[in-house]
Amino acid sequence: MSKLSFLASRSATLALLGVAGLGLSACAGKDKPKADLAASQVTTIGVNSYLWRASLDALSFMPLLQADSSGGVIITDWYANPANPGERMKVTVSILDRDLRADALRVAASRQVAQGGSWVDAPVQAATVQKLEEIILTRARDLRRSAIEG
């Protein structure tokens, strides 16, 4: 998926969330506390929207192959860091729950290295996947905190 189509897809998703949020806010009474707007279980797209947005943010530098907000799956295409073109990574993020919880997120990564003119599978350090999960969870919590304070 090209960066332009990714941005268009991302913009469409954010627009859909905005429209859904406006529709819901029109139905709500003014007595509701602000915290209700940022509940940990936000599911207008099928999965927790904070985890979804945080995942897209964290993977924004990689080309996307698939982003299914209903099923909560994001799959990137192979990405090679320009500083290290002999190695490439592919990431799959699965959002497993509607709640903003650490166990609602699963990240899997594949790594290949160039050898003899072809790509050969190589192990991914567990710390790499754990770090990406931490980045996504921290960003999701920040998004929720901003919604509560906003």
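Note that this is a predicted model, so its numbers are computed, not measured.

(A) Quick look at the sheet that holds strand β4 (residues 105-115). One open sheet holds the five strands; their spatial order is β1-β2-β3-β4-β5, and the pairing between them is antiparallel. Each end of this open sheet is capped by a strand with a single partner; those strands are β1 (64-68) and β5 (118-122). Across the sheet, the mean angle from the axis of one strand to that of its neighbour is 15°, orientation sign disregarded. Across three bridges, strand β2 (residues 73-76) lies against strand β3 (residues 87-95) in antiparallel orientation. By the bridge assignment, Val73 is partnered in β3 with Ser94. Its contacts with the sheet put helix α3 (residues 126-149) on β3 and β4, and the angle it makes with β4 is roughly 135°.

(B) Geometry of the pairing of β4. Of the strand pairs in this sheet, β3 and β4 are connected by nine bridges, and their pairing is antiparallel. Across the sheet, the residue bridging to Val91 is Ala109, located in β4. Where β4 lies against β5, five bridges are found, and the strand directions are antiparallel. In the strand pairing of β5, Ala114 is matched with Trp119. Linkage of β4 to β5, two consecutive antiparallel strands, is achieved through a turn of two residues, within which Gly116 is found at a positive phi near 60°.

Here is what the cut-offs are and how they apply
Along each chain, residue indices are assigned from 1 in the same order as the chain's sequence is written. Reporting of local features is limited, given that this is a predicted model, to residues whose pLDDT is at least 70; pairs of side-chain atoms are given and counted only at 80 or more, and all residues count toward the totals for whole chains, interfaces and linings. In computing side-chain properties, one takes all heavy atoms of the structure into account and sets aside hydrogens as well as water. Two strands are said to pair when DSSP picks up at least two bridges between them. Strands here mean DSSP runs of E at least two residues long; helices mean DSSP runs of H or I at least four residues long; both are numbered from the N terminus. Lines are fitted to the C-alpha atoms to define the axes, a helix being fitted only along its stretch in contact, and any angle between axes, read from their N-to-C directions, falls within 0 to 180 degrees. Here, two residues are considered to be in contact whenever any of their heavy atoms come within 4.5 Å of each other.

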